[in-house]
Structures are given as C-alpha cells and as structure tokens.
Amino acid sequence: MWASLAVTASKLVVVAGSVLTSVAVMEWVERRGAAFIQDRLGPNRVGPLGLFQPIVDAVKLLFKEDITPSSVNKGLYYLAPAISVFVALVTFIVIPFGAGKDVQVFGVPLGGLIVAPDLGVGILYLLALSSLGVYGIVIAGWSSNNKYSLLGGLRSSAQLISYELSMTLAVLGVLLATGSLRLDDVVAYQATHLWNVIPQFIGFVVFTTAVFAETNRLPFDLAEAETELVAGYHVEYSSMKFAAFLMSEYINMTTASALIVTLFFGGWTFPGMQHFSGWWLLIASVGAFLVKLAFFLWLFVWVRWSLPRFRYDQLMRLGWKGLLPLATLNLVWVGAAMAMRWI
Amino acid sequence: MVTAAFYLAAVVGLASAVVAVSHRNPVINVLSLVVTLFCVAVNYALLGAEFLAAAQILVYAGAILVLFLFVVMLLNAPEEQPAAEPRPFQRAAGLALVTVAALGGIVLITGLRGSLPAEGPQGTAQAIGRLLAGPYLFAFEFISLLLLTAMVGALMLVKRKH
C-alpha cells in the first residue's frame, strides 16, 4: 500500500518537475530559436549560450511590482491565472512516457510509466480538463474590466470551442482503431501495428492544427494579438500573475506535443525495441519519447516564427469549413478501412 | 477518504448552486454553475461512473457553459439592483424554512434509509458503450436524429431574419 503510494508519488514528482522544467527550457529555445530564424543572436550573455537566461527572467518576474488595477473584480482577477496553471498541470497524468514492465521499485512493479494507469477514461479525462482551460482566459478577460482584455477573452472562447470539435473528432479516429480510451493501449496498439500517422495522416494534420489553436499559439494567437489588442486577455496582469499565464501556455504546449507523439507517433515505442529489457528498455523508451517530444516542441517554435497571424474570419472559416469536414472524412476513412481489414 | 471527498464536493456543489441563483452579477451566476457541475462530476467519479464524469465536464462545463458565458459577457448585462425590502430578514427566514421543510419531506418520503443498493450499474466507458450500441440503439439513434433536426431548424430560424 505505502510502497505503491510512494511509486505513484515519485512518478508525480518526476512528471510535474519535468513539465515545469520544460517551461524554462522552452523559454530559452523559443528566444534562441526566434533569433536563429530571424538571423540574429538572441540572449547569449547569461551562462554558456545564454542557458541561464530563464533563471534570470524568473527572478525578474518575481521581483517586479505586482500591480492590481483599482477597477478589477478582485476575486476573479486573482482566480484566473490560478485556473490556467491548475488545468495545465493536471492534464499530463494520463500520458504514458516510458516502458517499465519488468522494473521493480521498492519491491513494487512499476507497470507502464504513467502517473494514473488505472484511469479507464484516459484521454477523455485529458480532453475534459483541458476544455476547462478556456475559463482561465475568459475570466481574466472579463475581470480585468478592460475592453482589450474582454475582446481577447471573447475571441479565445469562440476559437477554443470551434477547434475543440475538430480535435476531438481527429482523436476519435485513433480511438476507433485502438478500441480503447486509454493512452497506454493506444501506445501498445502502435507497437504492433503501423504508427497511426501513416494510416491516419489526415487525422494527424487536423489534430496538430487544432492543438495549435487550442494552445493559443501563432498563427492562432488572436486572443493576445498584440498589434490590435495590446496584449489581449492578460493586458492588466503583471509580475508572477502574468508569468502564470506564460507558464500555462508552455505547459499546454508540452502536453499537446506529448499527445501528438502518443496518438500518432507511437508514444515511447521505437524500432528495435524487442532487443531491450528491464532498466535498459525503460531508459531507451523514455529517451525515444523525449526525442519525439522535443521535435514537436521545436515545431511549435518553428511555426510561430514562420507564419503570420490569421484574420478572425479566416480562423473561423478554417475551423468550421476546413478542419471539421476533414476530421469527419478521416473518421469515415478509418471506419471503412477497419471494415475492409486494411488496418 | 472517499467519504470526505463526497462531503466536500456535495457541500461546495450545493453552496455554489445557491450562489448561482442568488448572486446579482450574471457572470458570477454562470461561473458558480460551472463549479456546481464540476462537483456533480466529482460525485459521479466517486460512484465509479468515470465516463459520465468526464462527459459531464466535457459537455456541460467545457462547452455549454462557455457559450452561456460568451453570451452574458457579450451582452454585458448590468448587475441587478436590489429591490427595496421592507423587512430585510424575511427572505433569509423564508429560505431557511423552505430548506427545513424540503429536508423533512425527503425524510418522510424515503423513510430515511441510510444505505445504497449493494451493486449499481457499471459506469465505465465499455459498459455504457455496450448499452448504447445494444439494447438502447434505437433510442440513441432516434435522439441523434432529433438533435440534428433541432439544429437544422435553429439554423433556418436564424437565416430567415437576414
């Protein structure tokens, strides 16, 4: 009992620690990556290659003056960043990040490396909780009592609802092929079959586009479009409350990349897996997962600094007239292919 | 542990339900309704109905109430002004009496049996899927047709105005 609790707790600490560390790492990657794409140097003064820049930035944000404007709705104004970070942090627990079948810790078999292995609804839990993330943005926009924040909040609620639909439909194709809601079953299915990206390429494209919109990243960052809305929903926030929104954006990005990897690129599986066992399998599988994760995190940065922002009507047209029919088409294709026993 | 979680979810859910109908600010009303629905989902999860809990949050808290909030924020409805009350404690006393009467009625009707059925229906995704695709297939498909018709009807009504 206590040993299994300790195993779960240590998994939780490892996952939460890594996800929070990824925020710092991604901040550095984003700034250096942007500089690389724009042919300039970027932050390179603090530490080797500017690697300690995130630490300096965090200290700066912590010691900045924490301003609460007098016209805000106080309770909700404080609640909004908390909701954003909470929702971002709790979603990662259903994602399997390595194989730990034959490994024992404290005399307890690890099972799959996943924080909540017994949650039967798996990805539904993730989709449900991440759909609550919109409240952080909407409440921030409304409680700030500022027209730019309100517009940002309204835009993002419309955007998130529109793209959630295509995202869920794209996931449905994967679940149909797997026959289970659990993400460890999705990974196990891809260990014996082709990776889902090959038979369900349309699903992959729709899902990736939709999660870009769901994480409010360029080219879909209309909620904070700085050229027209100053900074959108977080214009009245300063110091760590502003940093909380920034953190939740990067955590959501990490979770989204992990989800792309798990659903379409085989999760922690890799070719030649059968030659490994025990601790070696654990290390190699976590490594494979991290490599794939790093690629998609870089894709987020790459796209952000390469594409211009959509106009609002273009955004809605893409969501409803582009992605939704494509996602439906993918679902029909998967169903037909399964009925014909092609996949 | 489970009992404590149940009481926490029940008390928070009831309290926010009261706020949802009594607060003067429409945005607060909608947000308390979100909290209530979340607490109901927690209680579903505690009963072993994982799928229902996830669907509850996904559909109600994550989609429908976002639309409510969207409309309320877009209309920017002002806070209701309190009506002049001749006797300030009248309403509170009435609410307390109604609560006591309702609790008494529930006790009378149910005979205050403190125990639940030993085995409830299974709430996992597989169990619900089997039920929906098996014995309730016709009703399930019929409801989806009904919803589709309602949706097309709503679209037609909106279109006529332009």
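Analysis parameters
Residues numbered from 1 in each chain as written. Chains lettered and ligands numbered in written order. Predicted model: local features only at pLDDT ≥ 70, side-chain atom pairs only at ≥ 80, totals over all residues. Helix = DSSP H or I, 4+ residues; strand = E, 2+ residues; numbered from the N terminus. Rg over C-alpha atoms; globule rule 2.2 N^0.38 Å. Buried ≥ 20, exposed ≤ 12 C-beta atoms within 10 Å, placed from the backbone. Contact = placed C-beta atoms within 7 Å. Expected span 1.5 Å × (residues − 1). Bend = angle between axes of the 7 residues up to and from the residue. Domains from an automatic or database assignment. Nonpolar A, V, L, I, M, F, W, Y, C, P; charged D, E, K, R; others polar. pLDDT = per-residue confidence, 0-100.

A. Spotlight on the overall build of chain A. Looking only at helices and strands, chain A has twelve helices and two strands in total. In sequence order, chain A lays out its α and β elements as α-α-α-β-β-α-α-α-α-α-α-α-α-α. In terms of overall dimensions, chain A is globule-like: its C-alpha atoms have a radius of gyration of 21 Å, near the 20 Å expected for 343 residues. Overall, chain A is about 60 × 50 × 45 Å in size when its C-alpha atoms are taken along their principal axes. Counting every position in chain A, which comprises 343 residues, the buried fraction comes to 45%. For chain A, the proportion of contacts with a sequence separation of at least 24, taken over those separated by at least 6, is 78%.

B. Spotlight on helix H3 (residues 50-75) of chain B. Taking 1.5 Å of rise per residue, 26 residues should cover 38 Å, and H3(B) covers 36 Å from first to last C-alpha, within 8% of that figure. Along H3(B), the sharpest kink reaches roughly 35°, centred on B:Leu65. All buried positions along H3(B) are accounted for by B:Glu50, B:Phe51, B:Ala53, B:Ala54, B:Gln56, B:Ile57, B:Leu58, B:Ala61, B:Gly62, B:Val66, B:Leu69 and B:Met73. Among the structural elements, helix H4 (123-131), helix H5 (133-143) and helix H6 (147-178) of chain A together with helix H2 (26-46) and helix H5 (125-133) of chain B are those in contact with the buried residues of H3(B).

C. Region of the structure containing the environment of A:Leu315. Residues and elements named next belong to chain A. Looking at where Leu-315 falls in the secondary structure, it is placed in helix H12 (residues 312-339). Judged by C-beta crowding, with 20 C-beta atoms within 10 Å, Leu-315 ranks as buried. For the pair Leu-315 and Val-187, spaced 128 residues apart in the sequence, the C-alpha separation amounts to 32 Å. For Leu-315, the contacting residues outside a window of four places in its chain are Gln-159, Phe-220, Leu-222 and Phe-310.

D. A look at the domain arrangement of chain B. All names here are of chain B. Domain annotation of chain B identifies domain 1 (1-78) and domain 2 (122-162). In this assembly, six residues from domain 1 lie in contact with four residues from domain 2. Residue composition of the side of domain 1 that touches domain 2, by class: four nonpolar, one polar and one charged.

E. Just the interface of chain A and chain B, in detail. At the junction of the two partners, chain A supplies 18 residues and chain B supplies 17 residues. Looking at the side of chain A that touches chain B, the elements with two or more residues in it are H4, H5 and H6 of chain A.

F. Looking closely at the confidence of the model for chain A. On average, residues of chain A carry a pLDDT of 84, and 95% of them reach 70 or more. Element-level pLDDT for chain A is lowest in strand S2 (residues 108-109) of chain A, with a mean of 66, against a maximum mean of 90 in helix H8 (residues 201-214) of chain A.

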